[in-house]
Every structure is written in C-alpha cells, then in structure tokens.
Amino acid sequence: MVWTILIIILAILLAALIALIYFGNKMQKKQAENQAQMEAMAQTVSMLIIDKKRLKVKDSGLPAMVIDQVPKYLRRSKMPIVKAKVGPKVMNLMADEKIFDLLPVKKEVKVVVSGIYITGIKGARGGIEKPQPKKGFFKRLFHK
C-alpha cells in the first residue's frame, strides 16, 4: 500500500521534472533568439540622462503599443525607466537591470540602444561611477 503510493508520487514528480526541462529548454531557445535580434538592431547613441526611476509599466509614459505588448504578469511589476534627451527629443526608455544602476543622472552618456531598450553603456563625460553597495542598518550603526 505504502509502496504503491510512493511509486505514484515518484512518477508524478518525474513527469513534472520532464515537463520543466522541456519548457525550460524551449524558453532558453526563445531568449537566445530575442537576444540575437536585439544585438542585430543595436546602435550607439549619445544622450543626456534627465531622470531614472523604477515605475509600473502603465505609469512609465511609454507608448501605448509597448504597454500592450508587455505580458500581463509583468504589468504590475516595476521596470527601470530612464527619461533621456536624445537629440532634440525627450524620450522615455527602458533600461536593462544591470545597466540601470550605472547610468548617471544629469550627464551625457553614450549608450547602446535597441529600439527603446538600453542594453549597454559605452562611456560618459566625467567617467562612469560605480554605485556604492548599500550598507545594512547594523553595519552603519556599528561602523561609527
């Protein structure tokens, strides 16, 4: 009796593991295709970063077509949004999570842009400052 239940549970877990591997490989291939497409469309642009914030997609000021393409499960999450002046136009752009903290505010920067997505940073006037990691409450308290 106990052995049959254990065998059934093991079979269910094995089926779930196989399904996860299959869907994981499928998503990995899709992500690689998207990454290759973004690299093909990438171009280097000089822009003045006006402001950067983490905002919900509907509050970001992005075009309605972009907001409609965002999956429903990501619409409530906060995205890194950069307000920048590219040439004479002020635009709202999305930034990669790795790049967002490195972007200096109120400075001119050369960045790699693919559509409305900032994928990399080439350089900035005055250099790129790496942000200091935040200290926890106890580290600040005891290091005085």
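Residues numbered from 1 in each chain as written. Predicted model: local features only at pLDDT ≥ 70, side-chain atom pairs only at ≥ 80, totals over all residues. Heavy atoms only, no water.

S.K.: What am I meant to see in the nonpolar core here?
M.R.: Grouped together as the largest cluster of nonpolar side chains are 15 residues, with contacts concentrated most on Met-47, Ile-49, Val-82, Leu-103, Val-111 and Ile-118. Not counting the four nearest positions on each side in its chain, Ile-49 is found in contact with Val-82, Lys-83, Ala-84, Leu-103, Pro-104, Val-105, Lys-106, Lys-107 and Val-109. Of all hydrophobic cores here, the second largest spans eight residues; its members include Leu-62, Ile-67, Val-70 and Met-94. (Core = buried A, V, L, I, M, F, W, Y, C linked by side-chain atoms within 4.5 Å. Buried < 20%, exposed > 50% of the residue type's maximum accessible area, 1.4 Å probe, protein only. Contact = heavy atoms within 4.5 Å.)

S.K.: When you look at the sheet that holds strand S3 (residues 89-95) in this model, what are you seeing that I'm missing?
M.R.: By way of backbone hydrogen bonds, the strands of a sheet pair with one another, either parallel or antiparallel. With mixed pairing, five strands are arranged side by side around a closed barrel as S1-S2-S3-S5-S4. Averaged over all adjacent pairs, the angle separating strand axes in this sheet is 55°, with direction ignored. In the packing of helix H1 (residues 2-41) onto the sheet, contacts are made with strand S1 (43-56), strand S4 (108-114) and strand S5 (117-124), and the angle to S4 comes to roughly 130°. (Pairing = 2+ DSSP bridges. Helix = DSSP H or I, 4+ residues; strand = E, 2+ residues; numbered from the N terminus. Axes fitted to C-alpha atoms, helices over the stretch in contact; angles between N-to-C directions.)

S.K.: What exactly am I supposed to notice about the pattern of salt bridges here?
M.R.: Working definition: two side chains of opposite charge can pair if their charged atoms are close together. Tallying each qualifying case throughout the model produces three salt bridges. As a salt-bridge pair, Lys-53 and Asp-51 come within 3.7 Å of each other at their nearest N and O atoms. The exposure class assigned to Lys-53 is partly exposed, which follows from its relative accessible area of 45%. Residue Arg-54 pairs with Asp-101 through a salt bridge whose shortest N-O separation is 3.8 Å. (Salt bridge = Lys/Arg side-chain N within 4 Å of Asp/Glu carboxyl O.)

S.K.: Explanation requested: unusual backbone geometry in the structure shown.
M.R.: Most of the time, phi is negative for any residue but glycine, and the peptide bond is trans. Non-glycine residue Lys-106 carries a positive phi angle of around 65°. For Lys-106, the position within the fold is in the loop between helix H3 (97-100) and S4. Judged by its relative accessible area of 67%, Lys-106 falls in the exposed class.

S.K.: How do you make sense of a nonpolar patch on the surface when you look at a structure like this?
M.R.: Taken together, Met-1, Val-2, Trp-3, Ile-5, Leu-6, Ile-7, Ile-9 and Leu-13 make up a surface patch of nonpolar side chains, about 940 Å² in accessible area. Looking at the secondary structure, you find Trp-3 in helix H1. Judged by relative accessible area, Trp-3 falls into the exposed class, the value being 66%. (Patch = residues over 30% accessible without salt bridge, like charges linked within 9 Å, V, L, I, M, F, W, Y side chains within 5 Å. Areas by Shrake-Rupley, 256 points an atom, 1.4 Å probe, with all protein chains shown as cover.)

S.K.: It is not clear to me how the pairing of S1 should be interpreted in this structure. Could you clarify?
M.R.: Put simply, side chains in a regular strand alternate between the two faces of the sheet. Bridging between S1 and S4 involves six bridges; their strand directions are antiparallel. When the bridges of S4 are listed, Leu-48 appears paired with Glu-108. Bridge count for S1 against strand S2 (residues 78-86) is eight bridges, and the pairing is antiparallel. Its bridge partner lying in S2, Ile-49 is registered against Ala-84.

S.K.: When you look at the packing of aromatic side chains in this model, what are you seeing that I'm missing?
M.R.: The relative placement of two aromatic rings is captured by the distance of their centres and the angle of their planes. For the structure shown, the criterion picks out one aromatic pair. Between Tyr-22 and Phe-23, the aromatic rings sit 5.2 Å apart at their centres with planes inclined by 70°, giving edge-to-face as the arrangement. Here Lys-52 stacks its cationic end above the ring of Phe-100, 5.1 Å away from the centre of that ring. (Phe/Tyr/Trp six-rings, centres within 6.5 Å; stacked < 30°, edge-to-face > 60°. Lys NZ or Arg CZ within 6 Å of the ring centre and 35° of its normal.)

S.K.: Just to check I follow, could you spell out a positive patch on the surface for this structure?
M.R.: On the surface, Lys-56, Lys-58, Arg-76 and Lys-78 cluster together into a positively charged patch. Checked against the element boundaries, Lys-58 lands in the loop between S1 and helix H2 (64-69). (Lys, Arg positive; Asp, Glu negative; His and termini not counted. Charge placed at Lys NZ, Arg CZ, Asp CG, Glu CD.)

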